[in-house]
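The residues making up each chain are set out below.
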Amino acid sequence: KIIVVDNNSVPESRKKLEEYEKMLGEKVKVLYFDENYGSAGGFKRGLEIAYNDPECDFIWLLDDDNKPLPNSLKNLINFFYSLKIENKEEKIALLSYRKNQISIYQIEEIIKQPKLILKVENSFLNFHVKKIHNKVFRYLRRNIVKEGNLNIDQKTVKLTTATYGGLFVHKNILKKIGFPNEDFYLYVDDTEWTYRITKNGGSIYLVLDSIVEDLEPSWDKDAQKKSGIYSISKGEPHRIYYIVRNSVFFEVNNFVRKKWIYFLNIMVYLFLTLLFGNRNLKIIIKAIKDGYKGRLGKLDL
């Protein structure tokens with residue numbers, strides 16, 4: 001069964017979805033919304049329908065621009081059943097490999113350091129003063145060395161968090177972690193939601209032979225290639241606001257152990273964004289304040 005969340009799409013998209021519903025019958029269920037509930041609200045509502053379907057065992061989440069390659073779903077199912085873990089239905093999540101989301105270099109780093117947590121303690125938006133040299137090295141490597149194909153022996157890599165797109169779970173895991181937090185509205189909601197898995201002693205496996213292609217480049221990844229290290233500050237104001245605000249809220253509640261180091265990282269980051277001619281400093285500062293004080297929800301920006 002396929003559940004499609006129409007998060008207040010344009011009339012052309014809605015018309016096409018109605019045609020698919022008529023053609024495919026009960027195989028497809030479309031949730032039509034006249035308001036955009038953001039990624040958190042959209043995925044939450046879709047997950048609730050799947051969870052309450054008595055015929056549902058597994059759920060595979062895909063973004064609107066995700067194209068699964070042949071055998072990508074089959075390889076996820078096979079790997080799940082091969083795991084010899086007690087109560088794995090409530091502990092394990094799998095993730096399809098999307099090259100645009102996780103680079104070969106990141107995978108190589110995780111393999112070298114299996115316990116690597118992708119978010120460093122006390123870092124702000126993945127920025128930490130002690131890691132500046134790493135940022136510079138990655139930027140130079142990404143722009144000078146052409147990224148090749150993945151060539152490693154391992155079939156899986158453990159992650160700390162995951163994206164919605166490509167995530168595969170047994171529906172029983174929702175009993176443990178609940179549903180995405182709608183107050184995030186956009187951005188970091190998938191990070192916060194999937195972090196609940198590892199925080200509760202579960203595991204997330206990136207399955208490298210389950211491949212999903214992104215048909216459109218993510219705006220922040222595209223900006224990163226053009227603008228470099230401080231790309232998040234280069235987008236549209238509403239995107240910047242939600243990413244920064246939600247990241248701060250998530251960081252403060254999970255990864256900040258020494259506030260003075262965290263605020264030092266914020267100050268250095270703001271100085272560098274100003275140095276690089278960023279015009280969105282005002283909205284970044286507002287987002288930091290709101291995130292720190294826990295002012296979440298959808299705002300009229």
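First, a word on what this report is: a plain description of the structure on this page. It should be emphasised that the depicted structure is a prediction, and the values quoted were computed from it without experimental measurement.

Rules behind the numbers
Residues numbered from 1 in each chain as written. Predicted model: local features only at pLDDT ≥ 70, side-chain atom pairs only at ≥ 80, totals over all residues. Heavy atoms only, no water. Axes fitted to C-alpha atoms, helices over the stretch in contact; angles between N-to-C directions. Helix = DSSP H or I, 4+ residues; strand = E, 2+ residues; numbered from the N terminus. Parallel < 35°, antiparallel > 145°, perpendicular 65-115°, else oblique. Left-handed = near helix turned anticlockwise from the far one by under 90°. Contact = heavy atoms within 4.5 Å. Nonpolar A, V, L, I, M, F, W, Y, C, P; charged D, E, K, R; others polar. Core = buried A, V, L, I, M, F, W, Y, C linked by side-chain atoms within 4.5 Å. Buried < 20%, exposed > 50% of the residue type's maximum accessible area, 1.4 Å probe, protein only. Pairing = 2+ DSSP bridges. Patch = residues over 30% accessible without salt bridge, like charges linked within 9 Å, V, L, I, M, F, W, Y side chains within 5 Å. Areas by Shrake-Rupley, 256 points an atom, 1.4 Å probe, with all protein chains shown as cover. Salt bridge = Lys/Arg side-chain N within 4 Å of Asp/Glu carboxyl O.

## Side note on the packing of helix H10 (residues 259-275) against helix H11 (residues 281-293)
For the pair H10 and H11, interaxial distance at closest approach is 11 Å and the crossing angle is 165 degrees. Classified by the angle their axes make, H10 and H11 are roughly antiparallel. Considering how the two elements wind past one another, H10 and H11 form a crossing that is right-handed. For the pair formed by H10 and H11, the contact residues are Lys-259, Phe-263, Ile-266, Leu-270, Thr-273 and Leu-274 on the first element and Leu-281, Ile-284, Ile-285, Ile-288 and Tyr-292 on the second. Here the contact of H10 with H11 is composed, by residue class, of nine nonpolar, one polar and one charged.

## Considering the nonpolar core
When a protein is soluble and globular, its nonpolar side chains tend to lie buried together. Residues Ile-59, Leu-61, Leu-167, Trp-193 and Leu-206 are the most contacted members of the largest nonpolar core, which totals 28 residues. If sequence neighbours within four positions are ignored, Leu-206 has contacts with Leu-95, Ser-96, Tyr-97, Ile-102, Ile-107, Lys-155, Thr-156, Val-157 and Leu-159. Grouped together as the second largest cluster of nonpolar side chains are 22 residues, Ile-240, Val-244, Tyr-269 and Ile-283 included.

## Re the environment of Ile-59
Take Ile-59: it is sitting in strand S3 (residues 58-60). Ile-59 gets classed as buried once you look at its relative accessible area, which sits at 6%. The contacts of Ile-59, once residues within four sequence positions are left out, are Leu-47, Ala-50, Tyr-51, Leu-167, Phe-168, Val-169, Lys-171 and Leu-174.

## With respect to the environment of Lys-44
Position of Lys-44 relative to the elements: it lies in helix H2 (residues 38-51). Excluding its chain neighbours within four sequence positions, the residues that come into contact with Lys-44 are Phe-179, Pro-180 and Glu-182.

## A look at the pairing of strand S7 (residues 167-170)
Residues Leu-167 and Val-169 of S7 are buried on one face, and the alternating residues Phe-168 and His-170, pointing to the opposite face, are buried as well. The pairing of strand S5 (residues 92-97) with S7 spans three bridges and is classified as antiparallel. Within S7, the position partnered with Leu-95 by the bridge is Leu-167.

## Comments concerning a nonpolar patch on the surface
A contiguous nonpolar surface patch, about 310 Å² in accessible area, is contributed by Tyr-20, Met-23 and Leu-24. With respect to the helices, strands and loops of the structure, Tyr-20 is situated in helix H1 (residues 11-24). For Tyr-20, a relative accessible area of 41% gives the class partly exposed.

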